[in-house]
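# Structure assessment
Chain by chain, the residues run as shown.
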Amino acid sequence: MERFVIEGQHRLEGHIHISGAKNAALPLMAASLLADGIYHFSNFPILRDTLTFSKLLKELNVDSQIEDHVLTLRVEPTENKVARYELVKTMRASFYVLGPLLARYGEAIVSLPGGCAWGPRPVDQHLKGLQKLGATIDTVAGYVTAKAKELIGNEIVFDVISVGATCNVLLSAVLAKGKTILENCAREPEVVQLCEFLNKMGAKISGIGTPRLEIHGVESLHPADETIIPDRIELGTLILATAITGGNVKFTNVIPEHLGIVQEKLIEAGITLNIQDNSVHITRLGDVKPVDIKTSPYPGFPTDLQAQWIAFMTIADGDSKITDTIFFDRFKHVAELQRLGARIRLDGNTAIVEGRQRLIGAPVMSTDLRASSSLVLAGLIAEGTTFVSRIYHLDRGYEKLDDKLSKLGAKIFREQEP
Ligand code: UD1
């Protein structure tokens, strides 16, 4: 296993090109199962999760090749319709193959993803949606078996706003007979990109970017090409890394609107953002002001930036409250940040962060993807050396984060854990 060694208190300065979004790439890769042929995805992020998904696709008779951040998929009919536990357990998004396999072949057997490091993560809304389209669902020995001779459009109202359930049901409904209406859908940019891509493949989806999607089923689809949107979570993380070190960095290959409310929160915290068409220039000159946040579905504050915001608020000029309304117990990073000297109290799903803290480097452990990046942020500002272990979590979703930070002047090294 590898770990990061970070010598703190170096200001970040320079220019960084943001990578393609993991959460956009994965459902697009799943969509390829809907039609045989060749696909090209450019701006493709090379990450542990996207490579795991390629591995899963390989078992479903999809060949993949990556060159210059372009993923080429060659999709052929598959006899195998099983997504194994070993792959699904390392990456929950493997569950995305359920919808397209069911729609295309009338059958799919996919391992249940189980919980996450920080708690349960149900898939009931995925299953409810597919059942409403006419699938019979059985859960036996940890596997979901979905079967349908024919899928028929229906009206589905999701009980909660779920990115995964919206994508999975969309990936089935595009080939269902007749009209499907999905209500209370997620509106994340990654969901929007999936809808637009499916339409490029010949699907008929309207209401894109709204909570109500209308899908007119088609008999078949065809392959298409796409440029993966930039990763707004990588951008947010690196903006906070810049801000925490009082840095000055220009980010290119970004879609600034995708920051949603994060932009306002950064300004409230005293960060200067100079926004152009596809770049954002960040500077922090003065103190950081304490800013409360509450996570919510897009365009609200993303839960995927909650841990990093907590790290950022440890240096604010006062106390702040960070509430996660999406994943109530996503706070594993708090105990690790406390090891660096952070004073944070948990009250249910709210973290109360004391500002004006002096963080001192120490060994800390990554527990999940975004928690890892919050520890890196804290390490960048801590006095002395911080060791962040188990960075395989971080490599799931950040493309060469250490190289990007080094390029900006951080002192961060990757080494084998002793
Ligand atoms: C996606 C993102 C993840 C992000 C999350 C929330 C991908 C690959 N992952 O995860 O990075 O943190 O959105 O923005 O895009 N829920 C149910 N039943 C379901 C499904 C979800 O109750 O069947 C609940 C969840 O427990 C959670 C909320 O809905 O409270 C949102 O979860 P969801 O949007 O589904 O998250 P993911 O799609 O797994």
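Residues numbered from 1 in each chain as written. Predicted model: local features only at pLDDT ≥ 70, side-chain atom pairs only at ≥ 80, totals over all residues. Heavy atoms only, no water.

A separate point is the overall build of the protein chain. Secondary structure assignment for the protein chain yields 14 helices and 24 strands. Computed over its C-alpha atoms, the radius of gyration of the protein chain comes to 21 Å, within 12% of the 22 Å expected for a compact globule of 418 residues. Projected onto the principal axes, the alpha-carbon positions of the protein chain cover approximately 60 × 45 × 40 Å. A fraction of 73% describes how many contacts in the protein chain between residues 6 or more apart in sequence connect residues 24 or more apart. For the protein chain, the accessible surface area stands at approximately 16,300 Å², while carbon and sulfur atoms represent 49% of it. Where the 45 positive side-chain charges of the protein chain centre and where its 50 negative ones centre are 2 Å apart. (Helix = DSSP H or I, 4+ residues; strand = E, 2+ residues; numbered from the N terminus. Rg over C-alpha atoms; globule rule 2.2 N^0.38 Å. Contact = heavy atoms within 4.5 Å. Areas by Shrake-Rupley, 256 points an atom, 1.4 Å probe, with all protein chains shown as cover. Lys, Arg positive; Asp, Glu negative; His and termini not counted. Charge placed at Lys NZ, Arg CZ, Asp CG, Glu CD.)

Moving on, we get to the site of the ligand. Gln125, Ser162, Val163, Asp304 and Ile326 are the nearest of the 18 residues found near the ligand. For the ligand, an oxygen atom lies 3.1 Å from a polar atom in the side chain of asparagine 23. At a separation of 2.6 Å, an oxygen atom of the ligand approaches a polar side-chain atom of serine 162. For the ligand, whose free accessible area comes to 740 Å², the fraction covered by protein is 82%. Of all the elements in the fold, those that place two or more residues in the shell around the ligand are helix 5 (124-132) and helix 6 (163-173). Sort the elements by how many residues they give to the shell around the ligand and helix 5 lands first, with three residues. (Near = heavy atom within 4 Å. Polar contact = N/O pair within 3.5 Å; in protein donor to acceptor, adjacent residues only side chain to side chain.)

A few words on a nonpolar patch on the surface. A surface patch of nonpolar side chains, amounting to about 220 Å² of accessible area, comprises Ile46, Leu51 and Ile66. Note on placement: isoleucine 66 falls in strand 4 (residues 62-67). Assessed through its relative accessible area of 33%, isoleucine 66 is described here as partly exposed. (Patch = residues over 30% accessible without salt bridge, like charges linked within 9 Å, V, L, I, M, F, W, Y side chains within 5 Å. Salt bridge = Lys/Arg side-chain N within 4 Å of Asp/Glu carboxyl O. Buried < 20%, exposed > 50% of the residue type's maximum accessible area, 1.4 Å probe, protein only.)

Attention now moves to the nonpolar core. Ranked by internal contacts, the top residues of the largest apolar core, which has 75 residues, are Phe53, Leu170, Leu198 and Met201. In terms of residues, this core owes the most to one element, helix 1 (residues 22-31), which gives seven residues. Residue contacts for phenylalanine 53: discarding those within four places in its chain leaves Leu26, Met29, Ala30, Met91, Ala93, Ser94, Tyr96 and Val97. In terms of nonpolar packing, the next biggest core, distinct from the first, is built from 65 residues, Ile322, Ala362, Val376 and Leu394 among them. (Core = buried A, V, L, I, M, F, W, Y, C linked by side-chain atoms within 4.5 Å.)

We now examine the domain arrangement of the protein chain. By convention, interface size is frequently given as the accessible area that disappears when the constituent parts associate. Here the protein chain is partitioned into domain 1 (2-18 + 230-416) and domain 2 (22-227). One C-alpha centre belongs to domain 1, the other to domain 2; they are set 30 Å apart. Listed per partner, the contact involves 25 residues of domain 1 and 21 residues of domain 2. Summing the contributions of domain 1 and of domain 2, the shared interface buries around 1,900 Å²; its carbon and sulfur component is 51%. For the interface between domain 1 and domain 2, the tally reads two salt bridges. Aspartate 49 serves as the salt-bridge partner of arginine 396, at 2.8 Å between the closest nitrogen and oxygen. Those elements that provide at least two residues to the side of domain 1 that touches domain 2 are helix 12 (369-381) and helix 13 (392-395). Here the element with the most residues in the side of domain 1 that touches domain 2 is helix 13; it accounts for three residues. (Domains from an automatic or database assignment. Buried area = accessible area lost by both parts, 1.4 Å probe.)

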